[in-house]
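Fold and contact review
What follows is each chain in one-letter form.
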Amino acid sequence: MPAPTDFPSSTSNFSLPLLFAGQSQKEFFVNEAIALIDAHLHRTVVSSQPTPPAIPNEGEAYRVTSGVDDWSGQDDTIAVFIGGTWRFQSPVSGMTIFDRNAGQFLHFSTTWSSAAEPALPQGGAVVDSEARTAIEALIQALKVVGILI
């Protein structure tokens, strides 16, 4: 018979609480995990800002920039308002979120970053108007889907 698996107290990606045998108040841990899954399922944030909103709505998520006040020391985390309090989730490398206020995607490697708009072609010995039109259309399409601002 194989040895029993020794589980940690939380998941590795989002630190969701795991249940263990004989645990009291299991519903608290299950409800917390479900609320965090709900907040991270589509990986969107209301906006990126340094302080919490004056009146947050249940389940809203924000990307903490240079945290101050209640968010001091939480730079680069995702703050989720659950059960009347803020829960902070650290991003993992490769994570992508959509900032609804900015209308753009942000990618996390060692810090959050967004795609910069490339410069439109100018000058040159040969002017290819079809290529320039295609590049301009590509840049516009990337703006529409929120990859570029």
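Placed above this text is the structure.
For clarity, every value in this text was computed on a predicted model and none was experimentally measured. All chains use their own residue numbering, which begins from 1 and follows the written sequence. Only residues with pLDDT of at least 70 get local features here, since the model is predicted, and only at 80 or more are side-chain atom pairs given and counted; chain-wide, interface and lining totals rely on the full set of residues. Values shown for side chains rest on all heavy atoms present in the structure; no hydrogens or waters enter the calculation.

This brings us to the overall build of the protein. Strands are runs of DSSP state E lasting at least two residues, helices are runs of H or I lasting at least four, and both sets are numbered from the N terminus onward. Broken down by element type, the protein carries 2 helices and 8 strands. In sequence order, the secondary structure elements of the protein are arranged as α-β-β-β-β-β-β-β-β-α. The buried share of the protein, reckoned over its 149 residues, is 28%. The contact rule is simple, with two residues in contact once any of their heavy atoms fall within 4.5 Å. Restricting the contact set of the protein to residue pairs at least 6 apart, pairs at least 24 apart contribute 33%. Accessible area of the protein: about 9700 Å², with a carbon and sulfur share of 57%. Exposure is judged per residue with a 1.4 Å probe applied to protein chains only, and the accessible area is read against the type maximum: over 50% gives exposed, under 20% gives buried, and values in between give partly exposed. Here the Shrake-Rupley method, with its probe set to 1.4 Å, supplies the accessible areas, and only the displayed protein chains count as covering residues.

Read across the open sheet, the 4 strands follow the order β1-β6-β7-β8; overall the sheet is mixed. Sheet topology places β1 (44–45) and β8 (112–113) at the edges, where each strand pairs with a single neighbour. Any two strands with at least two DSSP-identified bridges between them are counted as paired.

Read from one edge of the open sheet, 4 strands run β2-β3-β4-β5, paired in mixed fashion. Looking at the sheet topology across the chains shown, the edges are occupied by β2 (48–49) and β5 (85–89). In terms of strand pairing, β2 meets strand β3 (residues 61–64) through 2 bridges, oriented parallel. From the neighbouring strand, S48 faces β3, where its bridge partner is R63.

Here we come to the environment of T51. Turning to its location among the elements, T51 is positioned in the loop between β2 and β3. Distance in space between the C-alpha atoms of T51 and T65 is 8.3 Å, their sequence separation being 14 residues. Once residues lying within four places of it in the same chain are set aside, the contact partners of T51 are V68, D69 and W71.

For the rest of this paragraph, the subject is the environment of T11. Looking at the secondary structure, you find T11 in the segment before α1 (26–40). Since its relative accessible area comes to 25%, T11 is described here as partly exposed. Taking the C-alpha atoms as reference, T11 lies 9.8 Å from A33; in sequence the two are 22 residues apart. Among residues more than four places away in sequence, those in contact with T11 are L16 and L18.

We define the nonpolar core as a collection of buried residues of types Ala, Val, Leu, Ile, Met, Phe, Trp, Tyr and Cys that are connected through side-chain atoms lying within 4.5 Å of one another. By size, the foremost hydrophobic cluster in this structure holds 13 residues, and its most contacted members are V45, A61, I78, V80, M95, I97 and W112. For this core, the secondary-structure elements that each account for two or more residues are α1, β4 (78–82) and β7 (104–108). Of all the elements, β4 adds the most residues to this core, at 3 residues. With 6 residues, the next largest nonpolar core counts V64, W71, F81 and W86 among its residues.

Moving on: the pairing of β4. Among the 5 residues of β4, 5 are classified as buried, and the element is accordingly described as predominantly covered. Residues I78, V80 and I82 point to one face of β4 and A79 and F81 to the other, with burial holding for every one of them. With 3 bridges joining them, β3 and β4 adopt antiparallel strand pairing. If you follow A61 over to β4, its bridge partner there is V80. Examined bridge by bridge, β4 and β5 share 5 bridges and lie antiparallel to one another.

For helix α2 (residues 129–144), built from 16 residues, the straight-helix expectation of 22 Å at 1.5 Å per residue is met to within 8% by its first-to-last C-alpha distance of 22 Å. The term polar contact refers here to a pair of N or O atoms within 3.5 Å; inside protein, the definition further demands a hydrogen-donor-capable atom paired with an acceptor-capable atom, and it admits residues adjacent in sequence only when both atoms are side-chain atoms. Two or three places before A131, at the opening of α2, D128 has a side-chain oxygen 3.2 Å from that residue's backbone nitrogen. Looking at the residues trailing α2, positive phi occurs at G146, about 85°. For a helix, the expected span equals 1.5 Å multiplied by the number of residues minus one.

That is the geometry; function is a separate question.
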